[in-house]
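These are the residues of each chain, in order.
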Amino acid sequence: MIAPKDKSAGLNATVSKVACGAAETVPYITVTNLARTLRELKEYGIWIVGTDMGGQSDLYHTDLPESVAWVMGNEGEGMRRLTREHCDMLVSIPMFGTVESMNVSVSAGMVLSETRRQRVLKAEQ
C-alpha cells in the first residue's frame, strides 16, 4: 500500500482495528510525491491502472497486465488530475441502481479480487 504523505488518513489504532490484522501484514508506505513514485514504478515495468467512473472500459472487460499497481482515488472526488495523467489506463467499476460510488476499501477489494482471478485464469491456460 502506497499512500501520499499529505491528505491521507494514515495508520492509527482505529484503522488497525478495522483492518482485522491486515494492517500488520501489508506494508504501508507513505511518499511525499505520488506522481514521482508512479513514474518510478513504470520504470520497473509495472502498469499503473486507475479506477475512474469515466474509464475506457469496465473492470470486468479489461485484460489486466501481469504487473499492475492500482490507483484508487478519493471517495468523494476521485483522483487528482496529475495522478490520473500518470495512469497507463483507467477502468470503471460497474455500478447498478442509483449508487454512483463506493467506499474505497470496497473498490480496492473488487479490483484486487479481479486481478487475482485473471492471474489464476492465465496460469491455467
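All values reported here derive from a predicted model rather than from experimental measurement. (Residues numbered from 1 in each chain as written. Predicted model: local features only at pLDDT ≥ 70, side-chain atom pairs only at ≥ 80, totals over all residues. Heavy atoms only, no water.)

### Section: the side chain of T62
Going by this rule: A helix here means a DSSP run of H or I that spans at least four residues, while a strand means a run of E at least two residues long, and both kinds are numbered starting from the N terminus. Only protein chains enter the accessibility calculation, which uses a 1.4 Å probe; a residue whose area is less than 20% of its type maximum is buried, one above 50% is exposed, and one in between is partly exposed. N or O atoms closer than or at 3.5 Å make up a polar contact, with two conditions inside protein: a donor-capable atom paired with an acceptor-capable one, and, for residues adjacent in sequence, both atoms drawn from side chains. Note on contacts: a residue pair qualifies if any of its non-hydrogen atoms lie within 4.5 Å across the two residues.
With respect to the secondary-structure elements, T62 resides in the loop between β4 (57–58) and β5 (68–71). Look at T62 and you get buried, because its relative accessible area is 8%. Within the structure, the side chain of T62 is placed 2.5 Å from the side chain of S57, a separation counted as a polar contact. Beyond its immediate chain neighbours, meaning those up to four positions away, T62 contacts S57, M89, V91 and Q118.

### Focus on the pattern of salt bridges
Under the convention used in this document: We define a salt bridge as a side-chain nitrogen of Lys or Arg found within 4 Å of a carboxyl oxygen belonging to Asp or Glu.
Taken as a whole and judged by the stated rule, the model has 5 salt bridges. Among the ionic pairs, D88 bridges to K42, the shortest N-O distance being 3.3 Å. With a gap of 46 residues between them, D88 in the loop between α4 (81–85) and β6 (89–92) and K42 in helix α3 (residues 34–43) connect regions that are remote in the sequence. D88 gets classed as partly exposed once you look at its relative accessible area, which sits at 34%. With relative accessibility at 31%, the residue K42 sits in the partly exposed group.

### Section: the sheet that holds β6
The following threshold applies: At least two DSSP bridges between two strands are required for those strands to pair. Each axis is a line fitted through C-alpha atoms, and for a helix only the stretch in contact is used; angles between axes span 0 to 180 degrees, taken between their N-to-C directions.
Within the open sheet, the 4 strands sit side by side as β4-β6-β3-β5. Their pairing is parallel. Here the strands that pair on one side only, and so sit at the sheet edges, are β4 and β5. Where strand β3 (residues 47–51) and β6 come together, 3 bridges link them in parallel fashion. Of the residues in β6, the one forming a bridge with V49 is M89. Where helix α5 (residues 104–124) meets the sheet, it contacts β3 and β5, and its direction lies at approximately 160° from that of β5.

### Let's talk about α3
Owing to its 3.6 residues per turn, the α-helix brings residues three or four apart onto one side. Let me state the cut-off plainly: Note: the arc covers the axis-to-C-beta directions of the helix.
For α3, the full list of buried residues reads A35, T37, L38 and L41. Projected down its long axis, α3 carries its buried residues within an arc of 160°, all on one side. Measuring from the side-chain oxygen of the N-cap residue of α3 to the backbone nitrogen of A35 gives 3.1 Å; that N-cap residue is N33.

### A short note on the pairing of β6
By the alternation rule, side chains of β6 split into M89 and V91 and L90 and S92, which are all buried. Relative to β6, β4 runs parallel, the two being bridged by 2 bridges. Of the residues in β6, the one forming a bridge with D58 is S92.

### Focus: the environment of V104
One can find V104 in helix α5. For the pair V104 and G78, spaced 26 residues apart in sequence, the C-alpha to C-alpha distance is 9.7 Å.

### Digging into the nonpolar core
Generally speaking, nonpolar side chains in soluble globular proteins are found buried as a group. Condition: What makes a nonpolar core is a set of buried Ala, Val, Leu, Ile, Met, Phe, Trp, Tyr and Cys residues whose side-chain atoms join them at distances within 4.5 Å.
Listed in full, the 9 residues of the largest apolar core are V49, L59, L64, V68, W70, M89, V91, I93 and V111. Excluding residues within four positions of it along the chain, V49 makes contact with V68, A69, W70, V71, C87, M89 and V91. Residues L41, A69, V71 and C87 belong to the second largest nonpolar core, which totals 8 residues.

Any link to function would need more than the numbers given here.
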